[in-house]
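Examination of the molecular architecture
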Amino acid sequence: MPIHHAVLSLLSHGPSYGYELKGAFEAAVGPQWGPLNIGHLYQILDRLSRDGMVSSQRHAQAVKPDRVMYEITDAGHAELRRWLDEASPRSGGFRDDFFLKVTAAARSGDADTVRTVLSQQRTYLMRELRNLDGLRRKAEDPVVALLLSAASRHVEADLSFVDDADRALLRTEGALPAPAVRQPRGLSATA
């Protein structure tokens, strides 16, 4: 729940309301995360409230709907400390759409299919790397620049995997498996 913990972190600096938290989150993490959906943020705040991590108080406003102010609780501070004190495992594990795509392309036995998959991914990653580099150079906040640098390193690692796949599947004789031939149902190999 990294966004849950980010919200707790923001609230550890003092009470806040939804749209203020949205702006603070987006300013804190920079453009590579993308905008935070306000509906999703309110779902997070509701869950944190249910779990006793934050408390809320409704404040009437003359013209607009009531404003709900959220404040971190002692349990929220304890959860934030616990989260900060532990290492962060890779969030998606090693399950990855691109890896599955490489697997499918390799199992097709067709070098052109593998070449296309790798080429498309390499082009996408290079564009992403240029984009991140441009954002990092414009970043005024050193923490945002650091996060953009981390994102760039992840993209560089993905590019290294594309290179590894190219070497292993296209430049190694006999690396691509022959396409599997499926027997029609009801026929045996001895028929």
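Preceding this section is the structure that the text describes.
Just so you know, these numbers come straight off a predicted model, no measurement behind them.

Examining the pattern of salt bridges
Applying the stated criterion across every chain yields a total of 11 salt bridges. In this structure, Arg-81 engages Asp-85 in a salt bridge whose closest nitrogen and oxygen atoms are separated by 3.2 Å. Highlighted residues: Arg-81 and Asp-85, both in helix α4 (residues 74-85), separated by 4 residues, approximately one helical turn. Two residues, Asp-133 and Arg-137, come together in a salt bridge whose shortest N-O distance is 2.8 Å. Taken together, the residues Asp-133 and Arg-137, both in helix α6 (residues 111-138) and 4 residues apart, mark about one turn of the helix. Look at Arg-137 and you get exposed, because its relative accessible area is 63%. Salt bridges here are not isolated pairs; linked through shared partners, they connect Glu-79, Arg-82 and Glu-86.

As for the sheet that holds strand β1 (residues 16-17)
Strands belonging to one sheet form pairs held by backbone hydrogen bonds; the direction of such a pair is parallel or antiparallel. Strand order in this open sheet of 3 strands is β1-β3-β2, and the pairing throughout is antiparallel. Only two strands of the sheet have a single neighbouring strand rather than two, namely β1 and β2 (54-59). Pairing of β1 with strand β3 (residues 67-72), which is carried by 2 bridges, proceeds in the antiparallel orientation. Among the inter-strand pairings, Tyr-17 is bridged to a residue of β3, identified as Met-69. Sitting on the sheet, helix α3 (residues 38-50) is in contact with β2 and β3, with an inclination near 115° to β2.

Describing the side chain of Glu-79
Looking at the secondary structure, you find Glu-79 in helix α4. If we ignore the near neighbours within four places in the chain, the residues touching Glu-79 are His-5, Leu-8 and Met-53.

Topic: a nonpolar patch on the surface
Side chains of Phe-99, Leu-100 and Phe-161 sit close together on the surface and give an oily, nonpolar patch of about 290 Å² of accessible area. Position of Phe-99 relative to the elements: it lies in helix α5 (residues 97-108).

Thresholds applied
Residues numbered from 1 in each chain as written. Predicted model: local features only at pLDDT ≥ 70, side-chain atom pairs only at ≥ 80, totals over all residues. Heavy atoms only, no water. Salt bridge = Lys/Arg side-chain N within 4 Å of Asp/Glu carboxyl O. Helix = DSSP H or I, 4+ residues; strand = E, 2+ residues; numbered from the N terminus. Buried < 20%, exposed > 50% of the residue type's maximum accessible area, 1.4 Å probe, protein only. Pairing = 2+ DSSP bridges. Contact = heavy atoms within 4.5 Å. Axes fitted to C-alpha atoms, helices over the stretch in contact; angles between N-to-C directions. Patch = residues over 30% accessible without salt bridge, like charges linked within 9 Å, V, L, I, M, F, W, Y side chains within 5 Å. Areas by Shrake-Rupley, 256 points an atom, 1.4 Å probe, with all protein chains shown as cover.

Worth remembering: the numbers are spatial, not functional.
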